[in-house]
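Secondary and tertiary structure notes
Letter by letter, the chains look like this.
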Amino acid sequence: MSRELKQRDELENSYIDERVSYLLPQFEALAPYKITQRKKGTGDLLGWEKLAAIEAKNLKVTYPDESPEAEKTYGTCLRQITALKKGLHKSAKTGLNDKALYHPVLTIITHFGEALSYQFASYKERQNTVYRQQVKERSEPEARIELDLTSYLQRANNLLTRIASGNEEGIDWRDISCALALATGRRMAEVHLSAKFELMGEYEIAFTGQLKGKNRRIDGTSLRNVVFKIPTLLSAKLICFALQWLGDKDKRFPHHEDTERVNRRWSKVLSEAAKDWAIIPDMTYHKFRGAYLRASIVNAGVDPFDYIAYASSILGDDDESTIRTYQRFVIKPGTLTRI
């Protein structure tokens, strides 16, 4: 398979593509009718209510949850529902035969999406309950994990220093990504798509491109455009250069692209690369964020158990329960937290 074809396959979500190609014409056919007919159907046309029920069954068959009934969350189905809503909205912009029906179709998509999500509401609530319980358990003193970042910061610093000096021999771009995640605490999709870094100080950058909760607004500005002044664990100059380096190596998508493209293209390989940075047991890319936060708390002299406001200011999260998931990490006394 050619590199171009392989990359195209990696970017596809074939289930969503197939469902969008089926559902969008159905919604366009319903659009000229009255509200009740759109919902209940008319003639041979199924309404959005029935289409949502059918879609829910399709999802459960395609992505079954083998857990006991009382423990089912249908996590993959929930993720695909989100992807389906995005796919329908995106395709409606260019895929309609009659452009005048765009807004009625969007209304149908909204109702369809709400009805589909309702079919999985109990599973979503169970998923949230499990998550909250995990947060509580991981925050208990006996569950805390001591972190020694010394060797990992040294490794990251060496990698970024080498590429900045033009010595790229043997450098794996995935390690540069991991180094940036550790030194800045940014998410995978931020590093590889949305993030913009601007030098502010020796260990400070201005970051824009915040994801998660991106529908929030701060002082009237959408979260993705809000500037966060964040500390870094390595030289800010090296970090700004490294982000540009990833872009030059074609390892970043344009800012306007769908963040799901990052997950489909690079999530698997970056998750594997993160395992080699075994800062934390069962290391994942996202756990760099927790290591970054705990090191930043030490560097800033913030009370390690009264840190929520500070954490929110540098992570951009406004959900206290999400921030508290990092409470289980503590920095080993006497170890490096910045180079």
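The paragraphs below set out a description of the structure included in this document. (Residues numbered from 1 in each chain as written. Predicted model: local features only at pLDDT ≥ 70, side-chain atom pairs only at ≥ 80, totals over all residues. Heavy atoms only, no water.)

With that settled, consider the overall build of the protein chain. Of regular secondary structure, the protein chain possesses 15 helices and nine strands. Classification of the 339 residues of the protein chain by burial places 45% in the buried group. Of the contacts formed within the protein chain by residues at least 6 apart in sequence, a portion of 68% connects residues at least 24 apart. Carbon and sulfur atoms make up 49% of the accessible area of the protein chain, which amounts to about 17,600 Å² in all. (Helix = DSSP H or I, 4+ residues; strand = E, 2+ residues; numbered from the N terminus. Buried < 20%, exposed > 50% of the residue type's maximum accessible area, 1.4 Å probe, protein only. Contact = heavy atoms within 4.5 Å. Areas by Shrake-Rupley, 256 points an atom, 1.4 Å probe, with all protein chains shown as cover.)

Turning our eyes to something else, we now look at the pairing of strand β5 (residues 204-208). Most of β5 is tucked away: four of the five residues are buried. In terms of strand pairing, strand β4 (residues 196-201) meets β5 through five bridges, oriented antiparallel. Along β5, the bridge assignment pairs Phe 197 with Phe 207. Linking β4 back to β5 in an antiparallel pair, the connection comprises two residues. (Pairing = 2+ DSSP bridges.)

Right, let's get into the side chain of Thr 208. Here Thr 208 is to be found in strand β5. For Thr 208, the contacting residues outside a window of four places in its chain are Ser 194, Ala 195, Lys 196, Arg 224, Asn 225, Val 226 and Val 227.

Its 20 residues give helix α5 (residues 75-94) an end-to-end C-alpha distance of 30 Å, which sits within 8% of 28 Å, the value for a rise of 1.5 Å per residue. Buried residues of α5: Gly 75, Cys 77, Leu 78, Gln 80, Ile 81, Ala 83, Leu 84, Gly 87, Leu 88 and Ala 92, and no others. (Expected span 1.5 Å × (residues − 1).)

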